[in-house]
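Coordinate inspection notes
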Amino acid sequence: WSRDLQEEFQVPSGIFGVGHSPLIWNGLLILNVGGTTADSGIIAFDCLNGAIVWQTTAHGAAFATPRPARIHGRDWLFVLHREGLSLLNPLTGEEHWCLAFQPTIPDSANAVTPLVSGDVVMISAWGLGSKALQIDPAGGYSELWSSRRNLVSQYTPLLAIGGSVLGVHALDNSLRCVDLQSG
């Protein structure tokens, strides 16, 4: 099967082109399509036949891969899109919340896949820095920390090792290690 995402969902071409990064989860192919037609921001397709299982939001596309996570016994889906970070129900696409995290620097894009370790999710973007959120059992969050200087990743994945996060700091290409709980 195939789908012409550009045509079907009217996906705008950004400064860096289109760079959908797919996730396969429980028979679904999930993409941050970023289309301009109704509810075509994030779409789940059936892996076997390409049929749309769910589609949701009007969020623009980013280059990050959606990140599934089981937290407090519940399945969640974190999507870092153009405007910020959304928490979705991966079975239905229902958006639980959206945290604003949109780069303000011209010609920039969200491109780092969210890092999930235990009940903490960390996001990073050029011009914004990094932010760590603790997810509660109901799916809400509290901010643990935010920093524009400690570790700013762009296009390179973050790695969790124990209670630490390793990543390449985009401002000087140094390898950095920060505490996940405190930054």
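With 17 residues, the main nonpolar core has Phe-78, Leu-85 and Trp-97 as its most contacted residues. Sorting the residues of this core by element identifies strand 5 (67-71), strand 6 (74-80), strand 7 (84-88), strand 8 (95-100), strand 10 (120-125) and strand 11 (129-135) as the ones contributing at least two each. Apart from the residues lying within four places of it in its own chain, the contact partners of Trp-97 are Phe-78, Leu-85, Ser-86, Leu-87, Leu-133, Ile-135, Gly-139, Gly-140 and Tyr-141. Leu-115, Leu-158, Val-178 and Leu-180 belong to the second-largest nonpolar core, a separate cluster that totals eleven residues.

Turning to the pairing of strand 3 (residues 42-46), a few remarks are in order. Counted residue by residue, strand 3 has four buried out of five residues, so it is predominantly covered. Here four bridges tie strand 2 (residues 28-31) to strand 3, and the two strands are oriented antiparallel to one another. In the strand pairing of strand 3, Leu-29 is matched with Phe-45. Sheet analysis places strand 3 next to strand 4 (residues 52-56), joined by four bridges and oriented antiparallel. Note on strand 4: the bridge partner recorded for Ile-42 is Thr-56.

Moving on, we come to the side chain of Asn-110. Of note, Asn-110 is situated in the loop between strand 8 and strand 9 (115-117). Separated by 2.7 Å, the side chain of Asn-110 and the backbone oxygen of His-81 make a polar contact.

Within the secondary structure, Ser-130 is located in strand 11. Given the relative accessible area of 0%, Ser-130 is considered buried. Within polar-contact distance, the side chain of Ser-130 engages the side chain of Ser-124 at 2.9 Å. Residues in contact with Ser-130, not counting those within four places in the same chain, are Met-122, Ile-123, Ser-124, Trp-145, Ser-146, Ser-147, Leu-151 and Val-152.

Calculation rules
Residues numbered from 1 in each chain as written. Predicted model: local features only at pLDDT ≥ 70, side-chain atom pairs only at ≥ 80, totals over all residues. Heavy atoms only, no water. Core = buried A, V, L, I, M, F, W, Y, C linked by side-chain atoms within 4.5 Å. Buried < 20%, exposed > 50% of the residue type's maximum accessible area, 1.4 Å probe, protein only. Helix = DSSP H or I, 4+ residues; strand = E, 2+ residues; numbered from the N terminus. Contact = heavy atoms within 4.5 Å. Pairing = 2+ DSSP bridges. Polar contact = N/O pair within 3.5 Å; in protein donor to acceptor, adjacent residues only side chain to side chain.

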